[in-house]
Amino acid sequence: MKKSDKLIVDGKRLDGRDLDELRPIKMEVGPLKRADGSAYVEWGKNKILATVYGPRETHPRHLQESDSAIIQVRYNMASFSVEDRKRPGPDRRSTEISKVTREALEPALFLSKYPRSSIDLNIEVLQADAGTRCTGINAASLAIADAGIPMRDLVVAVAAGKVDGKVCLDLDKSEDNLGEADVPMAIMPRRKLVTLLQMDGHLTPEEFKEALGMSMSVVDRIHEMQRNALMDKYRGD
Ligand code: ADP
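Keep in mind it's a predicted model, so treat the numbers as computed, not measured.

## Digging into the nonpolar core
Burial of nonpolar side chains together is a common tendency in soluble globular proteins.
No. 1: Core analysis: the largest hydrophobic core is formed by 60 residues, its most contacted members being Leu22, Leu109, Ile123, Ile137 and Ile222.
No. 2: Discounting residues that sit within four places of it in the chain, Ile222 has contacts with Leu22, Met27, Trp43, Asn138, Val156, Ala157 and Val158.
No. 3: The next biggest cluster of nonpolar side chains, apart from the first, holds six residues, and it includes Ile8, Cys168, Leu171 and Leu178.

## Regarding the packing of helix α2 (residues 132–146) against helix α4 (residues 205–235)
No. 1: One can describe the packing of α2 onto α4 by two numbers: an axis separation of 11 Å at closest approach and a directional angle of 35°. Here α2 and α4 pass one another in a crossing that is right-handed. On α4, the residues touching Asn138, Ser141, Leu142, Ala145 and Asp146 of α2 are Ile222, Gln226, Leu230, Lys233 and Tyr234.
No. 2: Looking at the contact of α2 with α4, its residues break down into five nonpolar, three polar and two charged.

## Regarding the pairing of strand β4 (residues 37–43)
No. 1: For β4, the tally of buried residues reaches seven of seven residues, placing the bulk of the element in the interior.
No. 2: Side chains Gly37, Ala39, Val41 and Trp43 of β4 all project onto a buried face; the interleaved residues Ser38, Tyr40 and Glu42 project onto the opposite face, where all are buried too.
No. 3: Examined bridge by bridge, strand β3 (residues 25–29) and β4 share five bridges and lie antiparallel to one another. Bridge pairing links Met27 to Val41 in β4.
No. 4: Connecting β4 to the antiparallel partner strand β5 (residues 46–57) that follows it, the hairpin turn spans two residues, and Gly44 within it adopts a positive phi of roughly 60°.

## Remarks on the packing of aromatic side chains
No. 1: The full count for this structure, using the stated rule, is zero aromatic pairs.
No. 2: If you follow Lys113 out to its NZ or CZ, it ends over the ring of Phe110, 6.0 Å from the centre.
No. 3: Over the ring of Phe110 we find Arg152; its NZ or CZ atom is 4.3 Å from the centre of that ring.

## Remarks on the site of the ligand
No. 1: Close contacts around the ligand come from Met77, Val82, Lys86, Arg93, Ala128, Asp129, Ala130, Gly131, Thr132, Arg133, Lys173 and Asp176, and that covers them all.
No. 2: Measuring from an oxygen atom of the ligand, one finds a backbone N or O atom of Ala130 at 2.8 Å.
No. 3: At 2.7 Å from an oxygen atom of the ligand is found a main-chain nitrogen or oxygen belonging to Gly131.
No. 4: Relative to its unbound accessible area of 530 Å², the ligand is 76% covered by the protein chains.

Analysis parameters
Residues numbered from 1 in each chain as written. Predicted model: local features only at pLDDT ≥ 70, side-chain atom pairs only at ≥ 80, totals over all residues. Heavy atoms only, no water. Core = buried A, V, L, I, M, F, W, Y, C linked by side-chain atoms within 4.5 Å. Buried < 20%, exposed > 50% of the residue type's maximum accessible area, 1.4 Å probe, protein only. Contact = heavy atoms within 4.5 Å. Axes fitted to C-alpha atoms, helices over the stretch in contact; angles between N-to-C directions. Helix = DSSP H or I, 4+ residues; strand = E, 2+ residues; numbered from the N terminus. Left-handed = near helix turned anticlockwise from the far one by under 90°. Nonpolar A, V, L, I, M, F, W, Y, C, P; charged D, E, K, R; others polar. Pairing = 2+ DSSP bridges. Phe/Tyr/Trp six-rings, centres within 6.5 Å; stacked < 30°, edge-to-face > 60°. Lys NZ or Arg CZ within 6 Å of the ring centre and 35° of its normal. Near = heavy atom within 4 Å. Polar contact = N/O pair within 3.5 Å; in protein donor to acceptor, adjacent residues only side chain to side chain. Areas by Shrake-Rupley, 256 points an atom, 1.4 Å probe, with all protein chains shown as cover.

Shown next as structure tokens:
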């Protein structure tokens, strides 16, 4: 696709979605039996597996906090997750996403209950199509709940941005590449506490409000999907 190609035609996006429509979402809790907690989320063409170990003794020891647990997040994109093979291993982007994911989840946990321990969270991106940090945060939140770690609230993440001059919900890869802005956010829905807010690109203050409003309007729906996925596991579906 070229910059000049239209991404919105007659009010519809290239994949047929309305401007305020999410991609199809599937959530599964507990697909892996050996991790303390796990979750698999498909969000459009994104396919992401999150696993949790812990709380367990922190290694390396110099990272231990005497009065609290720490969360160690490793966000990793598999080399086969994108069109051109991705060079394996950490890079600036994965370091940034690991950090913002940790910060998005921390307020939901009772870290002071587990001094000197670590909650180790792995986010494996098996297939990427833009929006992987949000998909990863939704999956991680489910994996933490699956591990039986008490939480104040689940964490819901979703992005909105601007494509062809129009504010749109949940950009896919072509929209993210050629669009003008992307605003991922995460929130603890019951407490209405925003735990992640980033902006890539340019929006006017009005467009920013509109984008945030679009994301906010689907938070309860995503939260409901998360709760259903958790209940499905414990109902044995
Ligand atoms: P997010 O996945 O949270 O939207 P970015 O905006 O940084 O984060 O990335 C957008 C998309 O770009 C990713 O979901 C992925 O599809 C693609 N992408 C990111 N890094 C690479 C890479 N190294 N090689 C190819 N594609 C990539």
